[in-house]
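So you can see what is in the structure, the chains are spelled out below.
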Amino acid sequence: MKQEVYQTSLKDIDSAIAEITSKLAKSPSQYDAVIFFASADYDFPKLASKIKNVFSKAEVIGTSTSGEISESGFKKRSLVVSAVSCNKTRFSGLIIDNVDKFPIIDKSKIEAAAAKCGIAINSAASHKDAFALTFINGLCNAEEALLALFYAIIKNDQFLIAGGSAGDDLQFKKPMSVIMERRSQTVRLFYL
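In the annotation of an unreviewed UniProt entry, the protein chain is listed under the name FIST domain-containing protein and assigned to Treponema phagedenis.

Asks: I'd like to hear about the nonpolar core, residue by residue, with values.
Replies: In terms of nonpolar packing, the biggest core is built from 21 residues, with V34, F36, L47, I51, F55 and L79 touching the most fellow members. Elements with a contribution of two residues or more to this core: α1 (13-23), β2 (33-39), α2 (44-54) and β6 (79-85). Setting aside residues up to four positions removed in sequence, F55 forms contacts with T21, L24, P28, Y31, V34, V60, V81 and A83. If you look at the next biggest cluster of nonpolar residues, it comprises 19 residues, including L94, I110, A114 and A130.

Asks: Which residues make up the environment of A112, and what are the values?
Replies: Relative to the assigned elements, A112 resides in helix α3 (residues 107-116). Residue A112 is classed as partly exposed on the basis of its relative accessible area of 45%. The sequence separation of A112 and L94 amounts to 18 residues, and the corresponding C-alpha distance is 9.4 Å.

Asks: Pulling in residues and values, what's your account of the packing of α1 against α2?
Replies: At a closest axis distance of 10 Å, the pairing of α1 and α2 adopts a crossing angle of 35 degrees. As α1 packs across α2, the resulting crossing turns out to be right-handed. Seen from α1, the contacting residues are I13, D14, I17 and T21; seen from α2, they are K46, L47, K50, I51 and V54.

Conventions we followed
- Residues numbered from 1 in each chain as written.
- Predicted model: local features only at pLDDT ≥ 70, side-chain atom pairs only at ≥ 80, totals over all residues.
- Heavy atoms only, no water.
- Core = buried A, V, L, I, M, F, W, Y, C linked by side-chain atoms within 4.5 Å.
- Buried < 20%, exposed > 50% of the residue type's maximum accessible area, 1.4 Å probe, protein only.
- Helix = DSSP H or I, 4+ residues; strand = E, 2+ residues; numbered from the N terminus.
- Contact = heavy atoms within 4.5 Å.
- Axes fitted to C-alpha atoms, helices over the stretch in contact; angles between N-to-C directions.
- Left-handed = near helix turned anticlockwise from the far one by under 90°.

Spelled out as structure tokens, the structure:
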């Protein structure tokens with residue numbers, strides 16, 4: 001797996017994306033997955049849409065932040081893009097709506113994402129070549145409920161989950177996360 005991580009402080013979305021793509025080792029259409037972290041200064045829906053258009057073949061997920069970490073250290077009010085290419089890795093993203101109220105409603109989404117990645121949810125070995133990332137709205141206090149649901153489904157307490165809370169530059173109003181769907185590809189790492 002090859003991962004490239006680049007950061008920009010440019011505020012104009014087109015300029016920011018152009019700066020990041022100019023640093024990539026290959027064409028944006030050759031990446032399998034993109035994870036982006038953006039300051040709340042950016043128009044998040046517009047940014048997400050433009051990143052998906054540029055990385056047209058990738059599974060794209062993103063979250064707003066209250067600070068970004070890149071190769072140059074901790075930054076504020078920037079955009080960080082992590083582009084991944086690997087023909088042996090499978091990715092699947094999903095959004096769980098109302099995670100703070102009724103996360104069980106989306107149980108089938110988690111099962112489907114795991115299946116899409118080839119993860120056997122009842123296997124004692126499911127953790128050996130897979131993991132999950134979460135980016136949960138930091139204002140909804142749902143991290144524990146989602147983790148409890150996840151482990152009730154996966155049934156393997158060795159399965160790794162990494163991630164954090166979506167932020168909004170400490171405005172505490174509207175953190176954002178997004179999954180830009182890529183229907184034609186199957187993947188092995190999945191995001192909650």
